[in-house]
Amino acid sequence: MTDKSANKMWGGRFSMSPAEIMEEINASIGFDKVLAPQDIRGSKAHAAMLAEAGIITKTDAREIAKGLDQVLSEIESGSFNFSRALEDVHMNVESRLRDLIGPASGRLHTARSRNDQVATDFRLWVRDQIDGLDAALAGLQLELARKAEATASIVMPGFTHLQPAQPVTFGHHMLAYVEMIARDRGRLADARKRLNECPLGSAALAGTSFPIDRHMTAQALGFERPMANSLDGVSDRDFALETLAAATICAIHMSRLSEEIIIWMTPQFGFVKLSDKFSTGSSIMPQKRNPDAAELSRAKAGRIAGAFQSLAMVMKGLPLAYSKDMQEDKEVTFDALASLKLVIAAMSGMIGDLKPMPDAMRAAAGRGYSTATDLADWLVRELKMPFRDAHHVTGAIVKLAETKGCDLDALSLEEMQKVEPRITKAVFSVLSVENSVKSRTSYGGTAPQNVTKMARAWLKKLEKERGKV
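Residues numbered from 1 in each chain as written. Predicted model: local features only at pLDDT ≥ 70, side-chain atom pairs only at ≥ 80, totals over all residues. Heavy atoms only, no water.

S.K.: I'd love a proper account of the overall build of the chain, names of residues and values included.
M.R.: On a plain count of helices and strands, the chain comes out with 18 helices and 6 strands. On C-alpha atoms alone, the chain measures out to a radius of gyration of 31 Å, which is more than a quarter above the 23 Å that the 2.2 N^0.38 rule sets for 469 residues. For the C-alpha atoms alone, the extent of the chain along its principal axes is close to 105 × 50 × 40 Å. A total of 469 residues make up the chain; the buried ones form 49% of that total. For the chain, contacts bridging at least 24 residues in sequence account for 74% of all contacts bridging at least 6. Approximately 23,000 Å² of the chain is accessible, and the part contributed by carbon and sulfur atoms is 54%. Charged side chains in the chain number 60 positive and 58 negative. The centres of these two groups are separated by 4 Å. (Helix = DSSP H or I, 4+ residues; strand = E, 2+ residues; numbered from the N terminus. Rg over C-alpha atoms; globule rule 2.2 N^0.38 Å. Buried < 20%, exposed > 50% of the residue type's maximum accessible area, 1.4 Å probe, protein only. Contact = heavy atoms within 4.5 Å. Areas by Shrake-Rupley, 256 points an atom, 1.4 Å probe, with all protein chains shown as cover. Lys, Arg positive; Asp, Glu negative; His and termini not counted. Charge placed at Lys NZ, Arg CZ, Asp CG, Glu CD.)

Following this line, the structure appears as structure tokens:
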């Protein structure tokens with residue numbers, strides 16, 4: 001005797017309902033309901049194609065489309081009741097469609113499987129997320145470029161090994177992240193291009209005997225083409241892995257910038273300030289101003305990188321085609337891309353809010369003998385020394401300054417001439433941090449004129465992009 005509580009959507013083969021623990025581990029509706037808009041878009045395109053191919057009647061197709069619109073309206077209004085007993089978003093939508101339009105709803109699943117259905121939904125969702133992330137990253141680039149233009153002449157120390165190296169400008173530092181984010185956007189665009197093929201019509205794994213038009217559904221859903229192999233169509237999750245890989249690199253960039261903001265805000269540096277909008281206090285120490293937004297942004301990188309690793313481990317041992325393991329693809333991807341979107345928004349806010357402290361940066365730029373390379377370059381240019389010899393002479397002059405406890409430009413000409421008699425008073429023209437940054441005029445260098453020019457070029461490009469949207 002058949003158990004009437006068996007799942008009515010696929011219960012023909014099964015006479016009993018799943019055990020409670022099976023339902024617990026099997027159900028995905030708790031997270032995959034976010035795919036409902038994409039699921040309904042795919043179903044409408046599929047129904048229209050079935051009608052055009054003469055597989056279902058146009059009357060049924062119209063009823064299905066009307067019913068799906070009603071389902072979407074209920075979901076958007078919050079009145080839709082998602083049932084865990086129906087496992088996933090596809091079954092929930094189809095069950096409600098049956099309530100609304102009756103037997104015609106059963107024709108919607110002709111020539112497709114949940115395997116190609118979820119692959120299509122997930123691609124549509126990831127594609128939508130990439131578009132949103134790209135727009136958010138363009139907004140962050142705009143904030144950075146604006147800050148770069150405004151701070152093109154503010155001198156700060158450049159670091160290697162977190163030790164003072166050479167003076168740079170704050171605007172130059174901001175533009176470094178504009179360039180990094182441009183690569184992030186490029187990686188996401190590449191991922192989008194490769195994912196933009198439609199799995200719908202691959203059915204369970206082997207295609208279908210119905211005379212479907214896969215090019216029609218692909219075009220209707222904005223894909224460039226249908227996927228060329230039905231096995232690949234249902235089993236591929238490269239698009240999610242590649243997007244997560246790009247998201248991970250982007251999150252690392254956000255983490256590096258967060259780290260710098262955190263360091264710059266410490267009293268030991270005092271290079272920047274954030275307002276109350278992006279900092280918090282302490283429950284016990286009234287003097288504290290903590291850069292919590294930056295710290296949380298830094299922490300999200302681990303979460304996003306973990307999502308990529310998680311999905312890579314899910315996929316590494318799976319045979320073709322679909323396995324239930326692949327249900328684990330969505331939660332981590334949903335979480336990672338939502339986390340990255342939040343981080344980008346927080347970073348955009350922080351960069352706009354961030355206030356440089358020029359005096360502190362200028363003072364720090366002059367410490368640590370940061371113009372030593374300028375001195376070595378001067379010896380090469382003016383005295384025609386081989387650079388290695390100039391490096392040795394400069395090292396000796398730095399050692400002399402260290403012994404005296406002063407900066408290079410505080411040494412007298414006579415003291416420097418004891419190391420190298422041919423040095424003239426013209427050397428002092430290269431020992432100030434301002435002259436150091438002004439001299440770095442090579443393409444991509446930190447000279448204020450370079451920074452201003454590059455910042456304005458980026459602003460023009462980004463504003464033009466924004467105008468096209």
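S.K.: Hey, could you go over helix α4 (residues 58–77) for me, with residue numbers and the actual values?
M.R.: Look at α4: 29 Å from first C-alpha to last across 20 residues, which is about the 28 Å you get at 1.5 Å a residue. Listed in full, the buried residues belonging to α4 are D60, A61, I64, G67, L68, V71, E74 and I75. Looking down the long axis of α4, one finds its buried residues gathered within 145° of arc, a one-sided arrangement. The outward face of α4, more than 90 degrees from its buried face, is lined by the exposed residues R62, K66, E76 and S77. Immediately downstream of α4, the backbone of G78 shows phi near 85°, a positive value. (Expected span 1.5 Å × (residues − 1). Arc of directions from axis to C-beta.)

S.K.: I'd like a description of the pattern of salt bridges, backed by residues and values.
M.R.: Across all of its chains, the model carries 27 salt bridges by this definition. Across the salt bridge formed by R96 and E74, the nearest N and O atoms sit 2.8 Å from each other. Here the residue R96 occupies a position in helix α5 (residues 89–101), and E74 occupies one in helix α4, the gap between them amounting to 22 residues. For R96, a relative accessible area of 26% corresponds to the partly exposed category. Across the salt bridge formed by R237 and D329, the nearest N and O atoms sit 2.6 Å from each other. Taken together, the positions of R237 in the loop between α9 (230–235) and α10 (238–265) and D329 in helix α12 (residues 328–353) put the pair 92 residues apart, joining distant regions of the chain. Overall, R237 belongs to the buried group, its relative accessible area being 1%. (Salt bridge = Lys/Arg side-chain N within 4 Å of Asp/Glu carboxyl O.)

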